[in-house]
Amino acid sequence: MGDSGVGSNPYYWDYLRLDDLLGAQRLESARHGRPAHDEMLFIVVHQVYELWFKQILWELDGVLAAMAEPRLDDDRMGQVVRRLQRIVAIQPLLMAQLDVIETMTPLDFLDFRGYLAPASGFQSLQFRLIENKLGISPQRRARIGGMPYTAVLREDHRELLERSAREPNLLSLVEGWLARTPFLRFGSFDFWQVYRRAVEEVLAEERAAIDRNPHLGDDARAEQLARHRAYGESFAVLFDRDAWEARRASGERRLSHDAFLAALLISLYRDAPAFQLPFSLLTALVDIDEGFTAWRQRHALMAFRMIGGRVGTGGTSGHRYLEAAAERHSVFRDLFALSGFLLPTSKLPDLPADVKAQLGFRYQTTTG
Ligand code: HEM
């Protein structure tokens, strides 16, 4: 680029459609004859967000197409991981823009806020598409006065969203891929029995440490022991497929029992060559979920700072709704919960040689 633009040679300005892009900032305050300086910032920041949302959707669509194939070999898996990691790299940029918008004071915002209603980020089609393609649970969506979140959207946007909610999403595709993993079956070696013994040993040690802790009074000790018992019970559910699936039916868990065990195995033996890419994939999913949750929390705080207890222009209770959404709209919570089932490396069951060979471990020979 940078050429003359003569003939069919691309010219920088035209290639990037800068007439369209840079001509797309129309101040509502100016249209009403009361131009507010900070409305330009407000528009530009939202537009930059929407551009990044577009890029995130582009990556997500590529990932969904690859994950929907019946076989995901290592080449494709590498590409999936890189695309997810690109989304992870974009997320700090989303966060950083809140710093920029916070250079606008609440008073400056009030100068033009009245002209925006009922428009709101709440109507961001692309944000909702990202949520649906990630696999947000429709049952867990924070309620807005009994109305569906699509109620405030244009008809064509509503249809697009409803369609996206019916299509396979990242959570369901990852769940299917995990449940298909061949590594859950080790022939005669019963991994989960060995793991269970290791868990019982670790739980007993932790309980003894609470019993011995000289800094705990009777009440604090009893409380810690009760919490530890509840933690132990979560392991019991891990070993009981029916109990697990009952929790899944109630919405408490979203991954199937098989899928969760596969994710746990991958996390426990993440350094095995066969698990390194799958582990990177699981890590990227947790990063993305954490990134959006952190953005929602920060956006809720920013909205509180800007409008206090006012209701939102989109018709919600404002920052209270945003806090509830941040709490409820996480998709990959089960993957976060995996950490509660990890064991210290020293307690990890040693895998038999044939299993290690299956996972691609190679032994280096030593000399001398
Ligand atoms: C002065 C700055 C901002 C304020 C005061 C603000 C306030 C709000 C409020 C109160 C809501 C709740 C819905 C409603 O009733 O309107 C909301 C939702 C939302 N806003 Fe903002 N916002 C601001 C900037 C932004 C920016 C820069 C973005 C970037 C795209 C954004 C994206 C969103 C999204 C995606 C939602 C829906 C969140 C959800 O339902 O989980 N907002 N905003």
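Residues numbered from 1 in each chain as written. Predicted model: local features only at pLDDT ≥ 70, side-chain atom pairs only at ≥ 80, totals over all residues. Heavy atoms only, no water.

K.L.:
Tell me what's going on with the site of the ligand, and back it up with residues and numbers.
P.N.:
The environment of the ligand is made up of 27 residues, and the closest members are Ser 120, Arg 128, His 299, Thr 316 and Tyr 321. Contacts to the ligand include His 299, whose side-chain N or O atom sits 2.9 Å from a nitrogen atom. Between Thr 316 and the ligand, the recorded distance is 2.7 Å, taken from a side-chain N or O atom to an oxygen atom. Mapped by element, the contributors of at least two residues to the shell around the ligand are helix 4 (39-67), helix 7 (125-134), helix 14 (273-307) and helix 15 (319-328). No other element matches helix 14, which puts six residues into the shell around the ligand. (Near = heavy atom within 4 Å. Polar contact = N/O pair within 3.5 Å; in protein donor to acceptor, adjacent residues only side chain to side chain. Helix = DSSP H or I, 4+ residues; strand = E, 2+ residues; numbered from the N terminus.)

K.L.:
I'd love a proper account of the coordination of the iron atom of the ligand, names of residues and values included.
P.N.:
Just one protein atom donates to the iron atom of the ligand; it is His 299 (NE2), sitting 2.2 Å from the metal. Relative to the helices and strands, His 299 is located in helix 14. (Donors = N, O, S within 2.8 Å, 3.2 Å for Na, K, Ca; no water.)

K.L.:
Any chance you could break down the side chain of Gln 97 for me, citing the residues and the numbers?
P.N.:
Take Gln 97: it is sitting in helix 5 (residues 74-101). A relative accessible area of 10% means that Gln 97 is categorised as buried. If sequence neighbours within four positions are ignored, Gln 97 has contacts with Val 45, Val 48, Tyr 49 and Trp 52. (Buried < 20%, exposed > 50% of the residue type's maximum accessible area, 1.4 Å probe, protein only. Contact = heavy atoms within 4.5 Å.)

K.L.:
Explain the packing of helix 4 against helix 9 (residues 170-179) residue by residue, including any values.
P.N.:
Relative to each other, helix 4 and helix 9 sit at 30°, their axes nearing to 10 Å. Considering how the two elements wind past one another, helix 4 and helix 9 form a crossing that is left-handed. Residues Leu 60, Val 63, Leu 64 and Met 67 of helix 4 touch helix 9, and the partners they reach there are Leu 170, Leu 173, Val 174 and Trp 177. (Axes fitted to C-alpha atoms, helices over the stretch in contact; angles between N-to-C directions. Left-handed = near helix turned anticlockwise from the far one by under 90°.)

K.L.:
Account for the packing of aromatic side chains, naming residues and giving values.
P.N.:
Going through the model one piece at a time under the given rule, you end up with 18 aromatic pairs. Look at Phe 109 and Phe 112: their rings are 5.4 Å apart centre to centre, the planes differ by 75°, and that puts the pair in the edge-to-face class. Of the two residues, Phe 109 and Phe 112 both sit in helix 6 (residues 106-113), three residues apart, roughly one turn of that helix. By relative accessible area, which is 9% here, Phe 109 ends up buried. (Phe/Tyr/Trp six-rings, centres within 6.5 Å; stacked < 30°, edge-to-face > 60°.)

K.L.:
Please give an account of the pattern of salt bridges that cites residues and values.
P.N.:
Side chains carrying opposite charge are able to pair once their charged atoms draw close together. Inspection of the entire model under this criterion finds 23 salt bridges. Between Glu 205 and Lys 347 there is a salt bridge, with the nearest N and O atoms lying 2.9 Å from each other. One end of the pair, Glu 205, is in helix 10 (residues 191-212); the other, Lys 347, is in the loop between helix 16 (333-337) and helix 17 (353-358), and 142 residues separate them in sequence. Owing to a relative accessible area of 42%, Glu 205 belongs among the partly exposed residues under this scheme. Via salt bridges that share partners, Asp 99, Glu 102, Arg 298 and Arg 305 belong to a single interconnected network. (Salt bridge = Lys/Arg side-chain N within 4 Å of Asp/Glu carboxyl O.)

K.L.:
Kindly report on the environment of Ile 43, identifying the contributing residues and their values.
P.N.:
Within the secondary structure, Ile 43 sits in helix 4. Look at Ile 43 and you get buried, because its relative accessible area is 14%. Between the alpha carbons of Ile 43 and Lys 133 there is a distance of 26 Å; along the sequence they are 90 residues apart. Not counting the four nearest positions on each side in its chain, Ile 43 is found in contact with Ala 24, Gln 25, Arg 26 and Leu 27.

K.L.:
Give me the lowdown on the nonpolar core, citing residues and values where you can.
P.N.:
Counting residues in hydrophobic clusters, the biggest one holds 96 residues, and the most contacted among them are Met 67, Leu 84, Leu 170, Trp 177, Leu 178, Tyr 195 and Leu 281. Counting residues per element, this core draws most heavily on helix 14, at 13 residues. Setting aside residues up to four positions removed in sequence, Met 67 forms contacts with Leu 72, Val 80, Leu 170, Leu 173, Val 174, Trp 177 and Leu 281. (Core = buried A, V, L, I, M, F, W, Y, C linked by side-chain atoms within 4.5 Å.)

K.L.:
Could you give an account of helix 10, naming the residues involved and the relevant values?
P.N.:
Between the first and last C-alpha of helix 10 there are 32 Å, a value that for 22 residues agrees with the 32 Å anticipated at 1.5 Å per step. When helix 10 is considered as a whole, its buried residues turn out to be Phe 191, Trp 192, Tyr 195, Ala 198, Val 199, Val 202, Leu 203 and Ile 210. Taken end-on, helix 10 shows its buried residues confined to a sector of 140°, consistent with a single buried face. Exposed positions of helix 10 whose direction lies more than 90 degrees from the buried face are Arg 197 and Arg 212. On its buried face, helix 10 is in contact with helix 11 (218-238) and helix 13 (257-268). (Expected span 1.5 Å × (residues − 1). Arc of directions from axis to C-beta.)

K.L.:
Account for a nonpolar patch on the surface, with residues named and values stated.
P.N.:
A cluster of nonpolar side chains, namely Tyr 11, Tyr 12, Trp 13, Tyr 15, Leu 16, Leu 21, Leu 22 and Leu 51, defines an oily patch on the protein surface of about 810 Å² accessible area. At the level of secondary structure, the elements contributing two or more residues to the nonpolar patch comprise helix 1 (12-15) and helix 2 (18-22). When residues in the nonpolar patch are grouped by element, the largest group, three residues, is from helix 1. Structurally, the position occupied by Tyr 15 is in helix 1. (Patch = residues over 30% accessible without salt bridge, like charges linked within 9 Å, V, L, I, M, F, W, Y side chains within 5 Å. Areas by Shrake-Rupley, 256 points an atom, 1.4 Å probe, with all protein chains shown as cover.)

In short, shape yes, function no, at least from these values alone.
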